[in-house]
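So you can see what is in the structure, the chains are spelled out below.
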Amino acid sequence: MKAPELLLPAGTLDKMRAAYDFGADAVYAGQPRYSLRARNNDFKLEELRIGIEEAHARGKKLFVASNILPHNSKIKTYMSDMEPVIEMKPDALIMADPGLIMMVRERWPHVPIHLSVQANTTNYMGVKFWQKMGVERIILSRELSLDEIAEIRQQCPDMELEVFVHGALCIAYSGRCLLSGYFNHRDPNQGTCTNACRWDYKVHDTQGDDAGDVKPQKIDFDFGKALEEANQNFSACGSQERHPLADKTYLIEEANRPGEMMPIIEDEHGTYIMNSKDLRAVEQVEKLVKIGVDSLKIEGRTKSLYYVARTAQTYRRAIDDAVAGRPFDYSLLAELEGLANRGYTPGFLERHQTQEHQNYLSGHSIAKQSQYVGDVMEVDADGWALIDVKNRFAVGDRVEIIHPSGNRTMELTAMTRNGESASVAPGNGVKVKIPGMAGMEKALLARLF
């Protein structure tokens, strides 16, 4: 079997380098103005130039995300702004808008174009259409199952296919969401999403008045009790009956907007503001390799360097094991649990998932089993490493050293800060030294629970 490309996000040059160090074949980065990551994005023109040069020097690839769905004002500046980018010779442009694709194809027909997931390609005829337009790779919609991906592969054997395997999932259809624009006037399709679907909302009951309007009435909500009652009511209903509360209007209140009540209605399909679990398809890597997918993609240009390193390392092992015919290593699941996550789901790749694959209870990231606590800045001749601290850790803690050559764990026996003995690294912004780190340059540190 052919090994698919492992494609990682790069929001900064340091994250790009970490991705390559820990096993990525390629990264994607984008200018803030024309990609869907305007926030937390360091890739201006000079950073793109450095990134592309370093990638090619290492025999790696860098794709430039240019997948905005532009309004007229950006159409007018796009070609002149992209000219210096094209001169840098990126390995491909990731694009979504057909008008921009047409413009690039006419002016720079030699530049490879990868069709963004934002274009929502869900069937093989769509793939064939874009192939006729000169697109070299299709990043398939997240809404596809493994069987549908396999059928597209069979129908389009000479087209490169890319599939997302890890990262945040939008509760809307492939990112076409209005919540952020509604609340903050920050358009997700212009790269400024505020992830409003993951805010902390409270539910309020309502009372109707004579005019047919609804007024808020605060209620106490017990999820366990509500679930039990819902199960009882469901079992009591006939197959054609509708629950009497199904048409009731509720109001939701976001934690940072007290008193601002927004109506929300639930129907037979569910509610429409909720918090999706994160995609984790490491168990499906073998199937995707057998299907013949060309690239496995990880989401997260705004995530930490630790996230980039950990996901690159884990999915690299999964790909190598699948290609070599080795059975799936279930310890890889634990590696990914160590990342901050909202719970995991294989998304739409595996059908017939239960309600457990949506997270209704928490809208914040929960770190399990381990926590990212620092970066190794340098290691001296005696094996003492200077650590740029990210989270609290202390002498006596069990820590995992995450390194491109392999990981190991140890108990922390000593620490110095500003040349004096210390017992605790209190948190972000502090630098300390720890022993036993010979040969561990470029390592990351995680505290084990």
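- As annotated in an unreviewed UniProt entry, the chain carries the name tRNA 5-hydroxyuridine modification protein YegQ and is attributed to Vogesella indigofera.

### Observations concerning the nonpolar core
Phase 1 of the analysis: Ranked by internal contacts, the top residues of the largest apolar core, which has 92 residues, are L8, L62, Y78, L93, I138, L140 and I149.
Phase 2 of the analysis: A per-element tally of this core places helix α10 (residues 305–324) first, with 10 residues.
Phase 3 of the analysis: Those residues in contact with L140, other than ones at most four positions away along the chain, are V117, T121, V127, I149, I152, L161, E162 and V163.
Phase 4 of the analysis: Judged by nonpolar contacts, the second largest core, of 21 residues, contains V399, M415, V432 and A443.

### Topic: the pattern of salt bridges
Phase 1 of the analysis: Taken as a whole and judged by the stated rule, the model has 26 salt bridges.
Phase 2 of the analysis: The residue E162 makes a salt bridge to R137 at a minimum N-O spacing of 2.7 Å. With E162 in strand β7 (residues 160–167) and R137 in strand β6 (residues 137–139), the pair connects residues that are 25 residues apart, well separated along the chain.
Phase 3 of the analysis: E162 sits in the buried class, given a relative accessible area of 1%.
Phase 4 of the analysis: For R137, a relative accessible area of 4% gives the class buried.
Phase 5 of the analysis: Taking the shortest distance from any N to any O, the salt bridge between R310 and E335 comes out at 2.4 Å. Of this pair, R310 sits in helix α10 while E335 is found in helix α11 (residues 331–337), placing the two residues 25 residues apart along the sequence. Comparing R310 with E335, the two get one shared label, buried.

### Observations regarding the packing of helix α1 (residues 13–21) against α10
Phase 1 of the analysis: At a minimum axis separation of 8 Å, α1 and α10 run at an interaxial angle of 15 degrees. Overall, the two elements α1 and α10 adopt an arrangement that is roughly parallel. By crossing handedness, the relation of α1 to α10 is classed as right-handed. In contact with D14, K15, A18 and A19 of α1, α10 contributes L305, V308 and A312.

### Overview of helix α3 (residues 72–87)
Phase 1 of the analysis: Along α3, the sharpest change in direction is near 45 degrees and occurs at Y78.
Phase 2 of the analysis: Turning to α3, its buried residues number three or more, namely K74, Y78, M79, M82, V85 and I86.
Phase 3 of the analysis: Where α3 is buried, its residues meet α2 (45–57), β3 (61–65), β4 (92–95) and α4 (98–107).
Phase 4 of the analysis: Of the residues one or two after α3, K89 is the one with positive phi, at around 60 degrees.

Reading the values: the criteria
- Residues numbered from 1 in each chain as written.
- Predicted model: local features only at pLDDT ≥ 70, side-chain atom pairs only at ≥ 80, totals over all residues.
- Heavy atoms only, no water.
- Core = buried A, V, L, I, M, F, W, Y, C linked by side-chain atoms within 4.5 Å.
- Buried < 20%, exposed > 50% of the residue type's maximum accessible area, 1.4 Å probe, protein only.
- Helix = DSSP H or I, 4+ residues; strand = E, 2+ residues; numbered from the N terminus.
- Contact = heavy atoms within 4.5 Å.
- Salt bridge = Lys/Arg side-chain N within 4 Å of Asp/Glu carboxyl O.
- Axes fitted to C-alpha atoms, helices over the stretch in contact; angles between N-to-C directions.
- Parallel < 35°, antiparallel > 145°, perpendicular 65-115°, else oblique.
- Left-handed = near helix turned anticlockwise from the far one by under 90°.
- Bend = angle between axes of the 7 residues up to and from the residue.

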